Amino acid sequence: MTPAQRSSFGTNLNRRSFLRYSALTGAALGGVGALAACGDDAGGSSTGSTPDGSRYGTVAIQLSWIKNIEFAGEYFADSRGYFLEAGFGSVNLMAGGAASTSVEAGLDTGKVWLGLSAPQTTAPAILEGLPAKIVATTYQKNPFAIVSSAAKPINSPQDMKGRKIGVQDTNQLIFTALLAANGMKPGDVTVVPAQFDPTPLANGEVDGWVSYVTNEPITLAAKGFPNAHFLFADFGLPLVAETLTVKQSTIDNEREKLKAFLAAEIRGWKDAVAEPAESARLAVEMYGKDLELDLAEQTKEAIAQNDLVVSADTAANGLLTMTDALIEQNIAALRTAKIDIQADQLFDLSVLREVYAENPGLKD
């Protein structure tokens, strides 16, 4: 994509257009189908000799969006040889995005060994019969936010009453879930159908805009539009995001292989948290080189992203972990979105807990 094809605020390329998390829109998955992706056996071999002579061979990992800053931990794990040291011959990081098929579809067809997704996308697939589990999460908080003008800030859902809010079609139901979680009705706000370019907010046509905290607030500020925002996660929808999802058979039959991968992931994300500038460089100059990403913007997004990746709980328990309380909060949030699933149907953090028990230095 050329710069001319981007929106005036540069968000169409850098953001995920929310389609990856569209289960909250009622679209769910519409059934799991074939994945248009490259690669042979997604899982490689976990025992004996592999074609490349490594312990675990090649695995296919589907990212949830284009190769921007969002996957810095994976870039570090790959570029610094952590996956190689863990026993993988190579790790194929496959870009996702609005035009790609879901992670859940890739798992179902066997084209993907592990994918980055979200509870509101994985849960409906499981309820439809996909034998899969979330085994870790990168973001302790999902990035959904309402961004507004600093001159007329909207700092909470209650502040939206009587205001005009730009809401993309694929986000109508997650927005409705936010209202419901805060005792509000759709009629309390004026919903203005929107696309993904926040120019109407900058022009004063609306008062607030459904956005990603790691994107629109940064790009708008860079264009000279001071802004405020609040996170959905802080107001009744504490869903995690960038969840690592695998089939149940991987947990049952390839446990050591999965543990090796998770250990490398943790190392990569520790580096990403510690080195946001290098995270941005990897995204701009290497993994997302063909996307014409902006280094300064990606660096700011990397810093903002760290606030979603790191929490008091991860400081105590390690990156990628989830506490039992956070799991239950996610289950409750999904019910708010009319997705009724049990915690043990959706999550299995036992593998990650074994990784930390066996490698306590990963917490340091």
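Residues numbered from 1 in each chain as written. Predicted model: local features only at pLDDT ≥ 70, side-chain atom pairs only at ≥ 80, totals over all residues. Heavy atoms only, no water.

Engineer: Which parts of the structure should I look at to understand the sheet that holds strand 1 (residues 57-62)?
Structural biologist: Strands pair in a sheet through their backbones, by hydrogen bonds, and they do so in one of two ways: parallel or antiparallel. The strand order across the open sheet formed by five strands is 2-1-3-10-4, and the pairing between neighbours is mixed. Whereas interior strands pair on both sides, the edge strands pair on one side only; in this sheet they are strand 2 (88-94) and strand 4 (132-139). Each strand axis lies, on average, 25 degrees off the axis of its neighbour in the sheet, ignoring direction. In terms of strand pairing, strand 4 meets strand 10 (residues 241-247) through six bridges, oriented antiparallel. Bridge pairing in strand 10 places Tyr139 opposite Ala241. (Pairing = 2+ DSSP bridges. Helix = DSSP H or I, 4+ residues; strand = E, 2+ residues; numbered from the N terminus. Axes fitted to C-alpha atoms, helices over the stretch in contact; angles between N-to-C directions.)

Engineer: Can you walk me through the pairing of strand 10 in this structure?
Structural biologist: Successive side chains on a regular strand alternate, one facing one side of the sheet and the next facing the other. Where burial is concerned, most of strand 10 is hidden: six out of the seven residues are buried. Bridge analysis of strand 3 (residues 114-117) against strand 10 gives three bridges, and the strand direction is antiparallel. Note that in strand 10 the partner of Leu116 across the bridge is Leu244. (Buried < 20%, exposed > 50% of the residue type's maximum accessible area, 1.4 Å probe, protein only.)

Engineer: Explanation requested: unusual backbone geometry in the structure shown.
Structural biologist: For Glu292, which is not glycine, the phi dihedral falls at a positive 55 degrees. Within the element layout of this structure, Glu292 appears in the loop between helix 11 (276-287) and helix 12 (295-309). Positioned with a positive phi, Lys338 is a non-glycine residue whose angle comes to about 65 degrees. Along the chain, the position of Lys338 falls in the loop between helix 14 (324-336) and helix 15 (343-346).

Engineer: When you look at the pattern of salt bridges in this model, what are you seeing that I'm missing?
Structural biologist: Opposite charge on two side chains permits them to pair, given that their charged atoms come into close proximity. Enumeration according to the criterion identifies 15 salt bridges in this entry. In this structure, the salt-bridge partner of Arg267 is Glu85, at a minimum N-O distance of 2.8 Å. In this pair, Arg267 is assigned in helix 10 (residues 255-274) and Glu85 in helix 3 (residues 82-85), connecting sequence segments 182 residues apart. A residue is classified by how much of its surface remains accessible, and Arg267, at 30% relative accessible area, is partly exposed. A residue is classified by how much of its surface remains accessible, and Glu85, at 56% relative accessible area, is exposed. With its nearest N and O atoms 3.2 Å apart, the salt bridge here joins Arg353 to Asp324. With a gap of 29 residues between them, Arg353 in helix 16 (residues 350-358) and Asp324 in helix 14 connect regions that are remote in the sequence. (Salt bridge = Lys/Arg side-chain N within 4 Å of Asp/Glu carboxyl O.)

Engineer: Is there a simple way to think about the sheet that holds strand 7 (residues 190-194) in this case?
Structural biologist: The strand order across the open sheet formed by five strands is 7-6-8-5-9, and the pairing between neighbours is mixed. In the strand order of this sheet, the two ends are held by strand 7 and strand 9 (227-231), each with one partner. Going from strand to strand, the sheet's axes swing by 35 degrees on average, the running direction of each strand aside. As judged from the five bridges shared by strand 6 (residues 164-168) and strand 7, these two strands associate in the parallel manner. Within strand 7, the residue paired with Ile165 across the bridge is Val191.

Engineer: Would you explain the packing of helix 10 against helix 16 in this entry?
Structural biologist: Each pair of packed helices gets described by two things: the angle between the helix axes and the distance between those axes. Viewed as axis vectors pointing N to C, helix 10 and helix 16 meet at an angle of 65 degrees, and their least axial separation amounts to 9 Å. With respect to their mutual orientation, helix 10 and helix 16 come out roughly perpendicular. In this structure, the crossing between helix 10 and helix 16 has a hand that is right-handed. Of helix 16, the residues touching helix 10 (which contributes Arg255, Leu258, Lys259, Leu262, Ala263 and Ile266) are Ser350, Val351, Leu352, Glu354, Val355, Tyr356 and Glu358. By residue class, the composition of the contact of helix 10 with helix 16 is eight nonpolar, one polar and four charged. (Parallel < 35°, antiparallel > 145°, perpendicular 65-115°, else oblique. Left-handed = near helix turned anticlockwise from the far one by under 90°. Contact = heavy atoms within 4.5 Å. Nonpolar A, V, L, I, M, F, W, Y, C, P; charged D, E, K, R; others polar.)

Engineer: What is the right way to look at the confidence of the model for the protein chain in this model?
Structural biologist: Detailed reading of the predicted model is not advised wherever pLDDT is low. Confidence along the protein chain averages 87 in pLDDT terms, with 86% of residues attaining 70 or more. Note that pLDDT drops below 50 for residues 1-41; the model gives that stretch 131 contacts with residues more than four away or on any other chain. (pLDDT = per-residue confidence, 0-100.)

Engineer: What is the right way to look at helix 10 in this model?
Structural biologist: Think of an α-helix as turning once every 3.6 residues; residues three or four places apart then point the same way. Here helix 10 spans 29 Å end to end across 20 residues, near enough to the 28 Å set by a 1.5 Å rise per residue. Most of helix 10 is tucked away, with 14 of its 20 residues classed as buried. (Expected span 1.5 Å × (residues − 1).)

Engineer: Can you walk me through the packing of helix 2 (residues 72-79) against helix 11 in this structure?
Structural biologist: Viewed as axis vectors pointing N to C, helix 2 and helix 11 meet at an angle of 75 degrees, and their least axial separation amounts to 9 Å. With respect to each other, helix 2 and helix 11 are oriented roughly perpendicular. Between helix 2, through Ala72, Tyr75, Phe76, Asp78 and Ser79, and helix 11, the contact on the second element is made entirely by Glu278, Ser279, Leu282, Ala283 and Tyr287.

Engineer: Even after reading the chapter, I still don't get the side chain of Thr50, so can you show me in this structure?
Structural biologist: Its place among the elements puts Thr50 in the loop between helix 1 (11-14) and strand 1. One polar contact links the side chain of Thr50 to the main-chain carbonyl oxygen of Ser54, over a distance of 2.6 Å. (Polar contact = N/O pair within 3.5 Å; in protein donor to acceptor, adjacent residues only side chain to side chain.)

Engineer: So what exactly am I meant to see when it comes to helix 6 (residues 172-181) here?
Structural biologist: Here helix 6 has its buried residues at Ile174, Phe175, Ala177, Leu178 and Leu179. Buried residues in helix 6 make contact with strand 5 (144-149), strand 6, strand 7, strand 8 (208-212), strand 9 and helix 14. With its phi angle positive at about 70 degrees, Gly183 sits one or two positions after the end of helix 6.

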